[in-house]
Amino acid sequence: MTEINEGSPSVAGWGREDVRRIADITERQLRSWEKQSLVEPRQTFGFSDLLAIKTLKKLREVKIPPKQIQRAIAALKTRLDDIDYPLAQLRITAEGRKITVHVGGKMMEPISGQLLLDFDFKEIETLRSFPTRSEPAPVQNDESERIAEYWFQRGLALEETGAPVEEAVVAYRKAIEANPDASGALVNLGTIAFRMKRMKEAAEYYTRAAQADPHYPLAHFNLGNLRDEQGDFEAARRHYQEAIRLSPRYADAYFNLALLCERNNEVLQAIGYWQRYLKLDSSSSWASAARKQLERLKSTVRSK
């Protein structure tokens, strides 16, 4: 939850001058955002308006174009039930020049709806649930394994506390130095590279992780995301399917497969994947988005 410590609003809310002062923006900026329909034109603003303005300011500070923000807002309103003011209701950030939204412990690309790997607490716990190897490495001595595990956990702790990403990278690399087959550290290094748009490096780390542990579904899920990002949909499909083969209850892989099939006009396949996803996740906000997509596709089929 965002806390505002710059003073309390009156019963009616904040006036334009107060909002400009709190958000540190000019009247010209505010009027521009109102004209672009990013902010509702008002003389008095509520708390939700203030949160939206502060989110908007952060996106503009990193040069996210207004039209891209507009498209993201429209997509989020369509995909997520009970969301009519995304800039205020959701945690929206920028990864490079791309907008991402954080919902229910996951990170989503708002235009495509693709789920991405996030390093929030819930995802870190998921990472910890995957072993660094499916079988012990006979050539690795106990001391090396202990050192690798220490540095892997150190990297996770740094991610949890929001430390500079360079510190986590150092920790994960030390884990790999101790144990070249530490697949968890390899995956996390790949994800850091992916988020920094170093796609070749990310692919190398993910591939090494999959080779180090052939039974590691997260490595294939992330390779699927990477190939999807690069437009290699068939490679993405193969990796998502491999993640599901290794872990049949991998809901996120079904979610992204459904989206991939939709983009390729494979309506019946998409319906099947949405249905499988909903069997695994029937109550989260992501389930609500999946249900809407499923009903839309079913309506398309019935109308033919």
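Report on the accompanying structure. The shown structure was predicted, so the numbers you read here are calculated from the model rather than taken from an experiment. (Residues numbered from 1 in each chain as written. Predicted model: local features only at pLDDT ≥ 70, side-chain atom pairs only at ≥ 80, totals over all residues. Heavy atoms only, no water.)

**Section: the sheet that holds strand S4 (residues 98-103)**
Spatial ordering of the open sheet is given by S3-S4-S5-S6, a layout of four strands whose pairing is antiparallel. Across the chains shown, the open sheet's two edge strands, defined by having one partner strand only, are strand S3 (91-95) and strand S6 (115-116). Judged from the two bridges that link them, strand S5 (residues 106-108) and S6 form a sheet pairing that is antiparallel. Within S6, the position partnered with Met107 by the bridge is Leu116. (Pairing = 2+ DSSP bridges. Helix = DSSP H or I, 4+ residues; strand = E, 2+ residues; numbered from the N terminus.)

**With respect to the pattern of salt bridges**
Here the structure, examined in full by the defined rule, presents 16 salt bridges. Here Arg146 makes a salt bridge to Glu143, at a shortest N to O gap of 2.6 Å. Of this pair, Arg146 and Glu143 both sit in helix H7 (residues 142-160), three residues apart, roughly one helical turn. Of the residues examined, Glu143 reaches a relative accessible area of 43% and is grouped as partly exposed. Among the charged side chains, a network of salt bridges with common partners joins Arg16, Arg20, Glu27, Arg31 and Glu34. (Salt bridge = Lys/Arg side-chain N within 4 Å of Asp/Glu carboxyl O. Buried < 20%, exposed > 50% of the residue type's maximum accessible area, 1.4 Å probe, protein only.)

**Focus on the pairing of S3**
Alignment of S3 against S4, held across five bridges, turns out to be antiparallel. Residue pairing across strands places Glu95 opposite Lys98, the latter belonging to S4. Counting the residues that bridge the hairpin from S3 to S4 gives two residues, and of these Gly96 lies at a positive phi of roughly 70 degrees.

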